[in-house]
Amino acid sequence: MASIKEQFEIPGKMRTWSIALICVGLLALIIGFATKGISTDQHQKDIFWGTLMYNSIYFLLICNGSMFFICATTLAMGGWQVVFRRVPEAISTMVPIFGLIAFVILMYIVFGMGSHTHIYHWLDKDAVTNDEILKGKSGFLNPGFFLLWTVLAIGLWSLLGWRMRKLSSEADDPALANQDAGKSFIWRNTVTASLFIVWFGLTVASTVPWLWLMSIDPHWYSTMYSWYTFASSFVAGISLVALWIIYLKNKGYLAYTTEEHLHDIGKFMFAFSIFWTYLWFSQYMLIWYANMSEETVYFKHRVEGAYKGIFFLNIIINFVCPILILMKRSAKRNYTLMTFMAVLIIFGHWIDFYQMVMGSVRPEDAGLSWLDFGIAFLFVGLMIFFVGKALAKKPLLPVYHPFVKESVIHYT
Amino acid sequence: MHLKYESQLREPLVNGDKNYHQVTEDICRPIEVRPTKLWYIGFFISVALLLFGVYSVYREVTYGIGQWNLNRTVGWGWDITNFVWWIGIGHAGTLISAILLLFRQGWRTGVNRAAEAMTIFAVICAGQFPLWHMGRVWMAFFVFPYPNTRGPLWINFNSPLLWDVFAISTYFTVSLLFWYTGLLPDFGTIRDRAKTKLRKKLYGIVSFGWSGSTKHWQRHESLALVLAGLSTPLVLSVHTIVSFDFATSVVPGWHTTIFPPYFVAGAIFSGFAMVQSLMVILRKVFNLQDYITLGHIEAMNKVIVLTGSIVGCAYLTELFMGWYSQNKYEQYAFFYTRANLFSPYGWSYWGMMTCNVISPQIFWFRKLRRNLYVTFFMSVVVNIGMWFERFVIIVTSLFRDYLPSSWPVYYSPTIFEMGFYLGSFGLFFTCFFLFAKYFPVIAIAEIKHVLKTSGENYKEKVGDIEKEPVEEFAHQYAH
Amino acid sequence: MANKNFVVGCFDDEAVLFPAVKKVRMAGYKIHDVYTPYAVHGLDHALGLRETSLHTAGFIYGITGTATALGGIGWILSWDWPLNFGGKPHFALPAWIPITFELTVLFASIGMVLTFCYLCQMAPFVKKHQFHSRATDDAFVMVVEPTPKTNLEDLKAFLSANGATEIEVQEAEAGWWLGTYDKQQKLVRDKGIEVA
């Protein structure tokens, strides 16, 4: 192991692929915009903007899941993740980019689409004045607060994430080998990480999913909704980290990241898939059991209507497959199987977000179209392009991180 | 063999100049000497409390449930509050041993044995409340599914109360198995050190003939891992199912989907507080400060502030949804009876908020996390707060039901209801005192496992490794 | 069972034990077992022991529990005596999940613990031959099983040269404590090693 490759260089193929995906995505975006986005049919317009919305929120939240992973392991004083820590860091650089895209889309929906959209019914002023319930909620569901909270949420995720990444750069400096410097490094990491986690709790684990997603059904409410959204985006986020690690390993990087580390990531994917199912079941079963019409309305068309197929597919992909396939130790240490499962989980939770948003925007008919995939390609392409760039900026191994040696000898 | 190394920046898990033999000595000593006066005093107080509890239950069984102040709307009072409270406390042990094992938190080795024991005793205490609450307790076997002579009727498998029967008995059984299999090697150790024949015989029986064979250790490890893997969802499921008792109903304040994970977070919260109370005393009385270090106490305080904040997030979510739902009944439950300090039970809601959400925030400060007095005080405060939480959920939702004519009745417990609760403390501490006297309160074999990695004196020896460049280090030690 | 001679060597340090295990095996001696005070990671591999398949047994017990619960409740509530509980369908699957889960865990745990006890031949009142009382305290006790051809003195000297502190020959009943399962242990690694 004389010379290790820890400086990532973007392979030509990756650049080509990312640009190709972006082009396909842009094409879909333009055609979609021309045929649906500026259509006079409100329905087509809703479909176009709804598709943009769930994709942007989904990809924003899974990339933010990377930063959550970094901060949570930092607070838990974890050592095992240090050898590949730069990977989730690079993924988290997408938060400001996707955040900006999501912001533009959300703002267009709130301020630009007019009040007759089916996406946010609470924008309809006539409906609100005639509807006691909506009127009561208008202290929370109003464009001003929506704007303010969205700016704050995305802004602070980006800012605190940026601070975490900046702190991480210190680990390339030999000065950190000193014990006192190491102590202060850990301390400063802990402070920023705890700030991030607190803000994450106040946004992703509570207010943001209510505001962005749950308010699509403005009469419906479920206290579980935000934790459910968090679980969904986090398990997909971990799978995304796994995919990048496997890709880098294949290219000969990350020499010290072994199947022992992959095994632990596999455990996260397995455990959080079950956790997601647990939240899914708790929410569904309680609503099913109590059988009150103001709550069951959410599941009515999902279980019995047009979304029936997608509803059950969601459970099969996100619960049955992970629990059966990832249960075995050898599966979590197998690069091929892990790649397959990571792709499946990311796709599965994308489907989950699809039914969460589109199931309410257009409950009467379902079906993934070229537009859904095209827009997803756009986001994937952007992600590959920018994450690749971010990876190339720093060495992949934080050589002077105080826990790096623990991470090197980590075994499961 | 893997390199025994961890970063010098981490606090040692075992302090002092220890070797394997010293570990055995330190942990076995309390078992092998006569108990102190303090032990006897504590033990007899516990037994006295237990006897008062037995008398209270005797009254209830003989004269009927009317010995309690339950009334037409408040059909669940102190009994179910205490049940949920104890079962919540009974979550920390399995959490420490199972989830922290999977998360590889090394500090669990110092506290897992006592925490697991505490779990088992807490579950035993919890089980008493629904059992005696049945009234005609001799009919308790009705809950079991068997083809019976009362007509071809089965029990209602769709009822959350029955799920509870299954959940709690499974939880008790699995925790016991997990705890006991972990104890086998340590019983072997005590057996092999025993000076008297009787000790050798007794510890020989309970050690199941443990020998320390490599093959047995291999299976033991595999068993522990799988049991931990099973216990992790199990521990979540138990309080989840307890929360279903409330959340499947359509009572305002009970029917809310966040209940399952929020109950689990609360359970971990109160369980850790109880572990903290016991550990602060245990380490002092048995001289185990080297094994249950301030680092351990601090780690648990971090868990307390984390889970306290999660619970706080859930309280605020509920409160927000109470408003956001624009449902009159929900709003009444949350804003008239609970969050309103001047409503009849407003004190309990604000007591809960203060004890559970606001006060644990002091643990953001390292100094306070490492202060034993503050820790002990806070651990008691948290458990009071968690008792309030269950009281708030049960009583405030019940005492204003849909029939306003029942409203004027203010529920407060009788002496026998309180006696039953005190008795459960007696039961809990009697068990715990006996455990502390006859069982190794720290997992000896597990401490030995981490000793050369995390022991103070061993860490000093491998300090130089820290200076090696990563590449050389990896070349030498990576596998 | 007949009594047999065993050569017992005590080691004080894992770092000495591991190379010794390797050398003893390379020299062609058969290690009967190593008794340790805690679970020494990697020792099972060093001894060439097969991975345990206890967890597979656990999986089978678990799905037995799942099937029992779903089958039992399904039969009772949908077939044997269907009742209307709160307007729910007779096949009320979501309501059966909690008990199904509990029984899965219960079956898996009890089954695995019993299997563990059976495989290790452990039960109350079982007493096994103890080669060294420090094996549960601070010593790593290697027990070598000589064949009739083995020169015991050579073996003792060999152990001593490899770091064993206390060495003795013990006579013990062979057989019963081994457990039938242990006898059939296959060596997965270092297949080339012959028994002297």
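1. Details of the overall build of chain B
Thinking step 1. Counting its regular elements, chain B contains 18 helices and zero strands.
Thinking step 2. In terms of overall size, chain B behaves like a compact globule, its C-alpha atoms giving a radius of gyration of 24 Å where 479 residues would be expected to give roughly 23 Å.
Thinking step 3. C-alpha extents for chain B along the principal axes are approximately 75 × 55 × 45 Å.
Thinking step 4. Looking at the 479 residues of chain B, the share that counts as buried comes to 63%.

2. Concerning the pairing of strand β3 (residues 140-145) of chain C
Residue and element names in this part refer to chain C.
Thinking step 1. With six of its six residues buried, β3 lies for the most part within the structure.
Thinking step 2. Residues F140, M142 and V144 point to one face of β3 and V141, V143 and E145 to the other, with burial holding for every one of them.
Thinking step 3. Of the strand pairs in this sheet, strand β1 (residues 3-11) and β3 are connected by five bridges, and their pairing is antiparallel. Across the sheet, residue V7 finds its bridge partner in β3, namely V144.
Thinking step 4. Where strand β2 (residues 30-35) and β3 come together, five bridges link them in antiparallel fashion. Directly across from Y35, in β3, lies its bridge partner V141.

3. Here we look at the nonpolar core
Grouped burial of nonpolar side chains is what soluble globular proteins tend to show.
Thinking step 1. Of all hydrophobic cores here, the largest spans 345 residues; its most connected members are Y120(A), W157(A), W212(A), W86(B), F246(B), F272(B) and M142(C).
Thinking step 2. At 18 residues, the largest contribution of residues to this core is made by helix α2 (residues 42-75) of chain A.
Thinking step 3. Every residue in contact with M142(C), bar those within four places of it in the chain, is listed here: V7(C), V8(C), G9(C), F11(C), L17(C), A20(C), V21(C), V24(C), I31(C), D33(C), V34(C) and L159(C).
Thinking step 4. Counting residues in each nonpolar core, the second largest holds ten residues, with F131(C), A135(C), V141(C) and V143(C) among its members.

4. Observations regarding helix α1 (residues 20-32) of chain B
Thinking step 1. Spanning 13 residues, α1(B) covers 18 Å between terminal C-alpha atoms, matching the ideal 18 Å at 1.5 Å per step.
Thinking step 2. Roughly 25° is the biggest bend found in α1(B), and it falls at D26(B), with proline P30(B) one to four residues downstream.
Thinking step 3. Packing partners of the buried residues in α1(B) comprise α6 (160-193), α7 (197-206), α15 (415-438) and α16 (444-454) of chain B together with α1 (14-26) and β3 of chain C.
Thinking step 4. Put simply, N19(B) is the residue that caps the front of α1(B), since its side-chain oxygen is 3.1 Å from the backbone nitrogen of H21(B).

5. Side note on the packing of aromatic side chains
Thinking step 1. In the structure shown here, the tally under the stated rule is 121 aromatic pairs over all chains.
Thinking step 2. When the ring centre of F270(A) is taken as reference, the NZ or CZ atom of K332(A) above it lies at 5.2 Å.
Thinking step 3. Across the ring face of F403(A), the terminal group of R10(B) is positioned such that the distance to the ring centre comes to 4.1 Å.

6. Structural notes on the interface of chain B and chain A
Thinking step 1. Taken together, the contacts link 55 residues of chain B with 64 residues of chain A.
Thinking step 2. Summing both partners gives a buried area of about 4,900 Å² for chain B against chain A, and 69% of it is carried by carbon and sulfur.
Thinking step 3. Our enumeration of links across chain B and chain A arrives at one salt bridge.
Thinking step 4. E406(A) is the salt-bridge partner of R10(B), the closest N and O atoms lying 2.7 Å from each other.

7. Here's the deal with unusual backbone geometry
Thinking step 1. In this structure, M77(A) is a non-glycine residue whose phi angle is positive, near 55°.
Thinking step 2. Relative to the helices and strands, M77(A) resides in the loop between α2 and α3 (86-92).
Thinking step 3. With a relative accessible area of 28%, M77(A) lands in the partly exposed category.
Thinking step 4. The phi torsion at F208(B) lies on the positive side, around 60°, for a residue other than glycine.
Thinking step 5. Examined against the element boundaries, F208(B) turns out to sit in the loop between α7 and α8 (214-247).

8. Focus on the environment of L70(B)
Residue and element names in this part refer to chain B.
Thinking step 1. Mapped onto the elements of the fold, L70 is located in the loop between α2 (37-63) and α3 (78-89).
Thinking step 2. The spacing of L70 and A117 is 47 residues in sequence and 32 Å in space, taken between C-alpha atoms.
Thinking step 3. With sequence-adjacent residues up to four places away left out, L70 is seen in contact with G75, W76, G77, D79, H133, Y411 and E417.

9. Comments concerning helix α11 (residues 293-304) of chain A
Residues and elements named next belong to chain A.
Thinking step 1. Over its twelve residues, α11 extends only 15 Å from the first C-alpha to the last, a length that falls short of the 16 Å expected when each residue adds 1.5 Å.
Thinking step 2. Among all positions of α11, only E295, Y298, F299, H301, R302 and V303 are buried.
Thinking step 3. Here the buried face of α11 lies against α9 (225-250), α10 (259-290), α12 (308-325) and α14 (335-361).

10. Some points on the interface of chain C and chain B
Thinking step 1. Facing the 64 residues of chain C at the interface are 57 residues of chain B.
Thinking step 2. Around 5,500 Å² of area is buried between chain C and chain B when both sides are counted, 68% of it from carbon and sulfur atoms.
Thinking step 3. The three residues of chain C that bury the most area against chain B are Y38(C), E102(C) and T136(C), which together make up 11% of that side's buried surface.
Thinking step 4. For the interface between chain C and chain B, the tally reads two salt bridges.
Thinking step 5. With its nearest N and O atoms 2.7 Å apart, the salt bridge here joins E14(C) to K452(B).

11. Description of the environment of V87(A)
Thinking step 1. Within the fold, V87(A) resides in helix α3.
Thinking step 2. The sequence separation of V87(A) and G388(A) amounts to 301 residues, and the corresponding C-alpha distance is 9.8 Å.

12. Brief notes about the confidence of the model for chain A
Thinking step 1. For chain A, per-residue confidence averages 91 on the pLDDT scale, and 99% of positions sit at 70 or higher.
Thinking step 2. The lowest-confidence element of chain A is helix α16 (residues 404-408) of chain A, averaging 87 in pLDDT; the highest-confidence one is α9(A), averaging 95.

13. Focus on a positive patch on the surface
Thinking step 1. Judged by side-chain charge, K197(B), K200(B), K201(B) and K127(C) come together as a positively charged surface patch.
Thinking step 2. Position of K127(C) relative to the elements: it lies in the loop between α4 (93-119) and β3.
Thinking step 3. Look at K127(C) and you get exposed, because its relative accessible area is 72%.

14. Side note on a nonpolar patch on the surface
Residues and elements named next belong to chain B.
Thinking step 1. Together, L38, I41, I45, I281, V285, F376, V380 and I384 give the surface a local cluster of nonpolar side chains, amounting to about 690 Å² of exposed area.
Thinking step 2. The set of elements that each furnish at least two residues to the nonpolar patch consists of α2, α9 (259-285) and α14 (372-398).
Thinking step 3. In this fold, I45 is placed in helix α2.

What counts and what doesn't
- Numbering of residues starts from 1 in each chain and follows the order in which that chain's sequence is written.
- Both sets of labels track the order of writing: A upward for chains, 1 upward for ligands.
- Given that this is a predicted model, residues contribute local features only at a pLDDT of at least 70 and side-chain atom pairs are listed and counted only at 80 or more, while totals for whole chains, interfaces and linings are drawn from all residues.
- Note: side-chain values were computed over all heavy atoms of the structure, leaving out hydrogens and water.
- Runs of H or I in DSSP of at least four residues are treated as helices and runs of E of at least two as strands, each being numbered from the N terminus.
- Here the globule rule is a power law, 2.2 Å times the number of residues to the power 0.38, and the radius of gyration is based on C-alpha atoms.
- Burial classification: accessible surface area is computed with a 1.4 Å probe over protein chains only, and a residue below 20% of its type maximum counts as buried, one above 50% as exposed, and the rest as partly exposed.
- Strand pairing is defined by DSSP finding a minimum of two bridges between the two strands.
- As used here, the term nonpolar core means buried Ala, Val, Leu, Ile, Met, Phe, Trp, Tyr and Cys residues forming a set that is joined through side-chain atoms within 4.5 Å.
- Here, two residues are considered to be in contact whenever any of their heavy atoms come within 4.5 Å of each other.
- Expected span, for any helix, means 1.5 Å times one less than how many residues it has.
- The seven residues ending at a residue and the seven starting there each receive a fitted axis; the angle between those axes is the bend at that residue.
- For this analysis, a polar contact is any N or O atom pair within 3.5 Å, provided that within protein one partner can donate a hydrogen and the other can accept it, and provided that sequence-adjacent residues contribute only side-chain to side-chain pairs.
- Each pair of aromatic rings taken from Phe, Tyr and Trp, with Trp reduced to its six-membered ring, is defined by centres within 6.5 Å and is described as stacked if the planes are under 30 degrees apart, edge-to-face if over 60, and tilted in the remaining cases.
- Two conditions define a charge sitting above a ring: the NZ of Lys or the CZ of Arg must be within 6 Å of the ring centre, and it must be within 35 degrees of the ring normal.
- Buried area: the accessible area, evaluated with a 1.4 Å probe, that two parts lose upon being put together, summed over both parts.
- When a carboxyl oxygen of Asp or Glu lies within 4 Å of a side-chain nitrogen of Lys or Arg, that pair is called a salt bridge.
- Note: pLDDT gives the predictor's confidence per residue, expressed from 0 to 100.
- Put simply, a patch holds well-exposed residues, over 30% relative accessible area, that have no salt bridge, with like charges counted together within 9 Å and Val, Leu, Ile, Met, Phe, Trp or Tyr side chains within 5 Å.
- Exposure was quantified through the Shrake-Rupley algorithm and a 1.4 Å probe, taking into account, for residues, occlusion by the shown protein chains and nothing else.
- Residues scored as positive are Lys and Arg, those scored as negative are Asp and Glu, and His as well as the terminal groups of each chain are ignored.
- Where a charge lies is defined by one atom per residue type, namely NZ (Lys), CZ (Arg), CG (Asp) and CD (Glu).

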